[in-house]
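Structural features, examined
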Protein chains: 2
Amino acid sequence: MPNPPGFVSLVGAGPGDPELLTVKGLRRLQRADVVAYDRLANPVLLKECRLDAELVFVGKHGDNPLHPSVPQEAINALLIAKARAGKQVVRLKGGDPFVFGRGGEEALELVRAGVPFEVVPGVSSAVAAPAYAGIPVTHRRLSASVAIVAGHEDPLKGGSSHDWGALARVDTLVVLMGMGRLEAITAALLAGGRAPHTPAAAVRWGTTAEQRTVTGTLATIAAEVRRAGLTAPATVIVGEVVQLRDELRWFDLPF
Amino acid sequence: MPNPPGFVSLVGAGPGDPELLTVKGLRRLQRADVVAYDRLANPVLLKECRLDAELVFVGKHGDNPLHPSVPQEAINALLIAKARAGKQVVRLKGGDPFVFGRGGEEALELVRAGVPFEVVPGVSSAVAAPAYAGIPVTHRRLSASVAIVAGHEDPLKGGSSHDWGALARVDTLVVLMGMGRLEAITAALLAGGRAPHTPAAAVRWGTTAEQRTVTGTLATIAAEVRRAGLTAPATVIVGEVVQLRDELRWFDLPF
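Residues numbered from 1 in each chain as written. Chains lettered and ligands numbered in written order. Predicted model: local features only at pLDDT ≥ 70, side-chain atom pairs only at ≥ 80, totals over all residues. Heavy atoms only, no water.

1. Some words on the sheet that holds strand β7 (residues 172-176) of chain A
Note the cut-off: Strands qualify as paired when DSSP identifies two bridges or more between them. By the criteria applied, helices consist of DSSP H or I runs no shorter than four residues and strands consist of E runs no shorter than two, each listed in order from the N terminus. The axes used here are C-alpha line fits, helices contributing only the stretch in contact, and every angle between their N-to-C directions lies in the interval 0 to 180 degrees. Contacts are residue-level and defined by heavy atoms, with any inter-residue pair within 4.5 Å sufficient.
If you trace the ten strands from one edge of the open sheet to the other, you get β9(A)-β8(A)-β10(A)-β7(A)-β6(A)-β6(B)-β7(B)-β10(B)-β8(B)-β9(B), paired in mixed fashion. Looking at strand neighbours, the two that pair on one side only are β9 (212-217) of chain A together with β9 (212-217) of chain B, the edges of this open sheet. Across the sheet, the axes of successive neighbouring strands diverge by a mean angle of 15 degrees, strand direction being ignored. For strand β6 (residues 145-150) of chain A and strand β6 (residues 145-150) of chain B, the ladder comprises five bridges, and the chain directions are antiparallel. Bridge pairing in β6 of chain B places Val146 of chain A opposite Ile148 of chain B. Across the face of the sheet, helix α4 (residues 125-132) of chain A comes into contact with β6, β7, β8 (199-204) and β10 (234-238) of chain A while running at roughly 80 degrees to β10 of chain A.

Okay, structure coming up:
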């Protein structure tokens, strides 16, 4: 008898606060036969899985999803094999699967293998980490546009695909995975014409109990981050909206 | 005896699919004394409220949150008054409160009134509507940056605060609330140097059963949308990632 058809759900685990998982993501986790998860997803979420669910760590080292410790090809092969064996598979990824999550690549492999799948979007740390730090990425009169980039490319190397001159002119810029190259990124934005006094912040482990925020300006934030000893993972925000944190920092200054 | 302290939760309802509400948002809805909601939030979510909860429609007409039918000042006053009366208040907003949701303005009013509050981020339609249409906003080799803008300003008027020349140079551009000005927006991006053959899509009622997608190029999408009779609300995506929809359209072409 053939196996019943398997299925893969590419699920965004959200930014860290486990309650920011979606209801749909929670339901998929609770029914899954197999869960392939990485380091960025809050591990407390795995407690929602069935006791007999197979949990597979396919995590990535450090701050850089371009260098997974489990090769992407092995992750793809795992998802396909489990689905072909008739399993309900959840691929649990930090944040949102399609915001620097390589979800698109996994989805393409599933399509090409004939494996049915769905995408369950998640709350991205690009928006939620600033929000928990009291920084709205858009705000009337201060910001009508927000750009999100991954910062693990070196903006001083010819290989960077970012147009930093253009990114310097978007009202709010959010940089994910940029802590390792913060000096180079801020230099590129300054060279692109962004004002040195533009407010800037770095939010480490945003939305979790470990959340810590360092603020400064575009000219000073790299030095402030170094002085504070703030390390990855962190979300960096550049733009006038950062000034709102003085009044809106609801999460780390409870009423 | 003084009232017990009230509290306001600014909750993102997500993009439309009610299961894309976060677990935290659901819990806040289920315990709320008062829920102030607008037109963009999926009304089915209100079934989660207590039977004795006070539900207040503070919705906005049409596609444009800059012209609410209930003035923003009245919404602010309502939230403050209910919280001062000791109520647990939920302000339920479509998408995410801080992504063109005016959540920052409401939060500032609450701070200044001494009302304790929190932000519960939501899944933004800027990411989820493309995802349900089979379009990852980032993808290796195709897009390493995504910009999100509100399109209800007229880019041909001097008053537009958008730097369309810069936005034209970001890999993926997502325009929310832009259907009324799609001709002008695409013209501004073309004038900004974006290639006319850049793939483009408009996703109406993304993530819901009513989802409908029209595709074309930057040069043709406005005409395609008109020909198809597609109207607001819709999310517009411009960038090479749109071509992935041909393979990844999981939601409207079920397996």
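2. Some remarks on the sheet that holds strand β3 (residues 54-57) of chain B
Residues and elements named next belong to chain B. A sheet is described by the order of its strands in space; here five strands give the open sequence β3-β2-β4-β1-β5, paired in parallel fashion. Edge strands, defined here as strands with exactly one partner in the open sheet, are β3 and β5 (117-120). Here the average twist between neighbouring strands, direction ignored, is 15 degrees. Pairing of strand β1 (residues 7-12) with β5, which is carried by four bridges, proceeds in the parallel orientation. Paired with Leu10 across the bridge in β5 is Val119. Across the sheet, helix α2 (residues 72-84) is in contact with β1, β2 (34-37), β3 and β4 (88-93); its angle to β4 comes to roughly 155 degrees.

3. Details of the relation of the copies chain B and chain A
Each of the two chain copies can be generated from the other by rotation about an axis followed by a shift along it. This is how it is decided: Here the copies were fitted onto each other by least squares, based on C-alpha atoms from residues at pLDDT of at least 70 in both.
When chain B is fitted to chain A, the best match, at an RMSD of 0.0 Å, comes from turning it 180 degrees and sliding it 0.0 Å along the axis. A rotation of that kind, with that shift, is consistent with a two-fold axis. Both copies contact each other with a shared surface, as 100% of the interface residues of chain B are interface residues in chain A too.

4. Some details on the packing of aromatic side chains
Put simply, the rule reads: Any pair of Phe, Tyr and Trp rings, taking the six-membered ring for Trp, is counted once the centres come within 6.5 Å. Such a pair is stacked with planes under 30 degrees apart, edge-to-face with planes over 60 apart, and tilted for the rest. With a 1.4 Å probe rolled over the protein chains alone, any residue whose accessible area is under 20% of its type maximum counts as buried; one over 50% counts as exposed, and the rest are partly exposed.
Here the structure, examined in full by the defined rule, presents eight aromatic pairs over all chains. Aromatic side chains Tyr132 of chain B and Phe251 of chain B sit 4.8 Å apart centroid to centroid with 55 degrees between the ring planes, which places their arrangement in the tilted category. Linking Tyr132 of chain B in helix α4 (residues 125-132) with Phe251 of chain B in the segment after α8 (245-248), this pair joins segments that are 119 residues apart in sequence. We classify Phe251 of chain B as partly exposed; its relative accessible area is 27%. Clustering of aromatic rings is evident, with ring pairs tying together Tyr132, Trp250 and Phe251 of chain A.

5. Some details on the packing of helix α6 (residues 182-191) of chain A against helix α7 (residues 221-228) of chain A
Any two packed helices are characterised by how steeply their axes cross, that is the angle between the axes, and by the distance between the axes. All names here are of chain A. This is how it is decided: Note on angle classes: values under 35 degrees are labelled roughly parallel, values over 145 roughly antiparallel, values of 65 to 115 roughly perpendicular, and the remainder oblique. Crossings are assigned a handedness: left-handed for a near helix turned anticlockwise from the far helix by less than a right angle, right-handed for a clockwise turn. In this classification, the charged set is Asp, Glu, Lys and Arg, the nonpolar set is Ala, Val, Leu, Ile, Met, Phe, Trp, Tyr, Cys and Pro, and all remaining amino acids, among them Gly, are polar.
Running from amino to carboxyl end, α6 crosses α7 at an angle of 165 degrees, the nearest separation of the two axes being 9 Å. On the basis of the axis angle, α6 is roughly antiparallel to α7. Between α6 and α7 lies a crossing of right-handed hand. Residues Leu182, Glu183 and Thr186 of α6 touch α7, and the partners they reach there are Ile221, Ala222, Val225 and Arg226. For the contact of α6 with α7, the residue count by class is four nonpolar, one polar and two charged.

6. What to know about the interface of chain B and chain A
Interface extent is often summarised as the accessible area lost during association of the parts. We count it as follows: Note on terms: buried area is the combined drop in 1.4 Å-probe accessible area of two parts once they are placed together, counting the loss on both. One side-chain nitrogen of Lys or Arg within 4 Å of one carboxyl oxygen of Asp or Glu is enough to make a salt bridge.
The interface of chain B with chain A comprises 61 residues on the first partner and 61 residues on the second. Where chain B abuts chain A, roughly 5300 Å² becomes buried across the two surfaces, and 66% of that area is made up of carbon and sulfur atoms. Summed over the shared surface of chain B and chain A, the result is ten salt bridges. Close ionic contact of Asp17 of chain B with Lys24 of chain A constitutes a salt bridge, the shortest N to O distance being 2.8 Å.

7. Details of empty space enclosed by the protein
Here is the rule we go by: Definitions used for this entry: grid spacing 1 Å over protein atoms alone; cavity, a set of points where a 1.4 Å probe fits but cannot get out; pocket, an open set with protein on both sides within 12 Å along at least 5 of 7 lines; lining residue, one with an atom within 4 Å of a point. Grid points are joined across faces, edges and corners, and a volume is the space filled by probe spheres set on the points.
If you walk through the whole model with that rule in mind, you get four cavities of 30 Å³ or more. Within this model, the largest cavity holds a volume of roughly 110 Å³. Around the largest cavity, the lining is made up of 14 residues, and of these Gly122, Ser124 and Val127 of chain A together with Ser124 and Val127 of chain B lie nearest the centre. The residue makeup of the lining of the largest cavity, split by class, is nine nonpolar, four polar and one charged.

8. A closer look at the pairing of β7 of chain A
Residues and elements named next belong to chain A. Taken across its five residues, β7 has five buried, putting it largely inside the fold. Burial along β7 is two-sided: the residues Thr172, Val174 and Leu176 and Leu173 and Val175 are all buried. Relative to β7, β6 runs parallel, the two being bridged by five bridges. Opposite Ala150, over in β7, you have Leu176 as the bridge partner.

9. Thoughts on the pattern of salt bridges
Tallying each qualifying case throughout the model produces 34 salt bridges over all chains. In this structure, Asp52 of chain A engages Arg50 of chain A in a salt bridge whose closest nitrogen and oxygen atoms are separated by 3.0 Å. On the basis of relative accessibility, which here comes to 58%, the residue Asp52 of chain A falls in the exposed class. The salt bridge involving Asp252 of chain B is made with Arg245 of chain B; its shortest N-O contact spans 3.3 Å. Look at Arg245 of chain B and you get buried, because its relative accessible area is 6%. One salt-bridge network, in which partners are shared between bridges, spans Asp38, Arg91, Lys93 and Glu106 of chain A.

10. Quick word on the side chain of Arg91 of chain A
We count it as follows: Two N or O atoms count as a polar contact when they lie within 3.5 Å, although within protein this holds only if one can serve as hydrogen donor and the other as acceptor, and sequence-adjacent residues are included solely when both atoms are side-chain atoms.
Relative to the helices and strands, Arg91 of chain A resides in strand β4 (residues 88-93). Polar contacts involving the side chain of Arg91 of chain A include one to the main-chain carbonyl oxygen of Ala36 of chain A, which spans 3.4 Å.

Distances and angles like these do not, on their own, reveal function.
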